[in-house]
Amino acid sequence: MLSVENLHAGYGDAEVLFGIDLQVEKGEVVAIVGSNGAGKTTLLRALSGIIQPTQGHVRLLGEDVTGMHTHNLVEKGLVMVPEGRRLFPRMSVRRNLEIAAYSSRARPHLAEQLREVYELFPILQERSDQLGGTLSGGQQQMVAIARGLVATPEVLMLDEVSLGLAPVMISRVYEAIRAIRDTGVTLVLVEQNVSQALSVADRAYVIQHGQVALSGSGKELQDNEEVRRVYLGLG
Ligand code: ATP
């Protein structure tokens, strides 16, 4: 579904990613974990066309999409939900969702997608006329995920969905992630909440200093000594 080969990227002269290789198969949940500053967000930015890779290849459904701009990638179904939610605070929930269907891929499916996201997050239907900025952090995260879904993704990439949320809200968001997976959407999760991410992931990659340090099934990494010590804070 998504294949990344020897990807290098960074900001100006500062290289952050030094040859990332990874594979995401159709219908999988793949987690990308690692310490602060390891390059996880930079990887998602390079995959979603916000920054341009300096070397390497990205393939989506077999097509080379390296260096393609974000709007073209969204048309092809590669969609990212950025860290920090980024709602339009003075627009209603409904309007925030509607404008996420701007691509010609998504526009014809708006009504159906709205029904689906309201089913997934009933609170958003109740709050559909409320301004985005007046929602709780957890509800704003639901809108952010819902916007990603309204874009009709093949692959949905979520950056730090649990950041700053209360534990009960994190569980709610992860329930939604499982439900989204069950609809057949392929998911890439970038997370500092390693234990949640590994519990839902089919496979995971640990990024260190801009490279893949370890990879395996979610279960293998949960059982891995080093991962338990460094990322899960367990003996
Ligand atoms: P975090 O979870 O803390 O965001 P991360 O693994 O996602 O960590 P990145 O945000 O990708 O890490 O950052 C990797 C490196 O790139 C860091 O050294 C960071 O300082 C640098 N960096 C990130 N964004 C920029 C930017 N816009 N300009 C310059 N350097 C940046």
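These numbers were taken from a predicted model, which means no experiment stands behind them.

**Observations concerning the nonpolar core**
Thinking step 1. Grouped together as the largest cluster of nonpolar side chains are 51 residues, with contacts concentrated most on L158 and I177.
Thinking step 2. With seven residues, the single largest contributor to this core is helix α6 (residues 137-150).
Thinking step 3. Other than its neighbours up to four places away in sequence, I177 contacts L158, V161, L187, L189 and V200.
Thinking step 4. Within the second largest apolar cluster, 30 residues are counted, among which are V4, A9, L44 and M80.

**A few points about empty space enclosed by the protein**
Thinking step 1. Applying the stated criterion across every chain, the model contains one cavity of 30 Å³ or more.
Thinking step 2. Counted as a void, the largest cavity has a volume near 40 Å³.
Thinking step 3. Every residue along the wall of the largest cavity is listed here: A46, L47, G49, P53, V58, V65, T66, G67, M68 and L73.
Thinking step 4. Taken together, the residues of the lining of the largest cavity break down into seven nonpolar, three polar and no charged.

**Brief notes about the layout of surface pockets**
Thinking step 1. The space that makes up the largest pocket amounts to roughly 540 Å³.
Thinking step 2. Along the walls of the largest pocket sit 23 residues, with M80, V81, P82, Y102 and R147 positioned nearest its centre.
Thinking step 3. Of all the elements in the fold, those that place two or more residues in the lining of the largest pocket are α1 (40-47), α2 (70-75), β6 (78-81) and α6.
Thinking step 4. In terms of residue count, β6 provides more of the lining of the largest pocket than any other element does, four residues in total.
Thinking step 5. Broken down by class, the residue content of the lining of the largest pocket amounts to 13 nonpolar, five polar and five charged.
Thinking step 6. Estimated volume of the second largest pocket: approximately 320 Å³.
Thinking step 7. Lining the second largest pocket are 16 residues, and of these Q113, E116, L149, T183 and V185 sit closest to its centre.
Thinking step 8. Listed by contribution, the elements that provide at least two residues to the lining of the second largest pocket are α4 (110-120) and α7 (167-182).
Thinking step 9. The residue makeup of the lining of the second largest pocket, split by class, is seven nonpolar, four polar and five charged.

**What about the site of the ligand?**
Thinking step 1. Every one of the 13 residues lining the ligand counts as a neighbour, but G37, G39, T41, T42 and Q192 are closest to it.
Thinking step 2. The backbone of G39 places a nitrogen or oxygen atom 2.8 Å from an oxygen atom of the ligand.
Thinking step 3. One of the side-chain nitrogen or oxygen atoms of Q192 is found 2.6 Å away from an oxygen atom of the ligand.
Thinking step 4. Protein coverage of the free-state accessible area of the ligand, which is 630 Å², stands at 59%.
Thinking step 5. With four residues, α1 is the largest single contributor of residues to the shell around the ligand.
Thinking step 6. Split by residue class, the shell around the ligand holds three nonpolar, seven polar and three charged.

**Describing the pairing of strand β4 (residues 55-60)**
Thinking step 1. Summarising the sheet, strand β1 (residues 2-11) and β4 pair through five bridges and their orientation is antiparallel. Of the residues in β4, the one forming a bridge with H8 is Q55.
Thinking step 2. Direction of pairing for β4 relative to strand β5 (residues 63-64): antiparallel, over a ladder of two bridges. Considered in β5, the bridge of L60 is made with E63.
Thinking step 3. The turn linking β4 back onto β5 is made up of two residues, and L61 within it adopts a positive phi angle of 50°.

Conventions used here
- Residues numbered from 1 in each chain as written.
- Predicted model: local features only at pLDDT ≥ 70, side-chain atom pairs only at ≥ 80, totals over all residues.
- Heavy atoms only, no water.
- Core = buried A, V, L, I, M, F, W, Y, C linked by side-chain atoms within 4.5 Å.
- Buried < 20%, exposed > 50% of the residue type's maximum accessible area, 1.4 Å probe, protein only.
- Helix = DSSP H or I, 4+ residues; strand = E, 2+ residues; numbered from the N terminus.
- Contact = heavy atoms within 4.5 Å.
- 1 Å grid on protein atoms, 1.4 Å probe; cavity = no way out; pocket = protein on both sides within 12 Å on 5 of 7 lines; lining within 4 Å.
- Points joined across faces, edges and corners; volume = space filled by probe spheres on them.
- Nonpolar A, V, L, I, M, F, W, Y, C, P; charged D, E, K, R; others polar.
- Near = heavy atom within 4 Å.
- Polar contact = N/O pair within 3.5 Å; in protein donor to acceptor, adjacent residues only side chain to side chain.
- Areas by Shrake-Rupley, 256 points an atom, 1.4 Å probe, with all protein chains shown as cover.
- Pairing = 2+ DSSP bridges.

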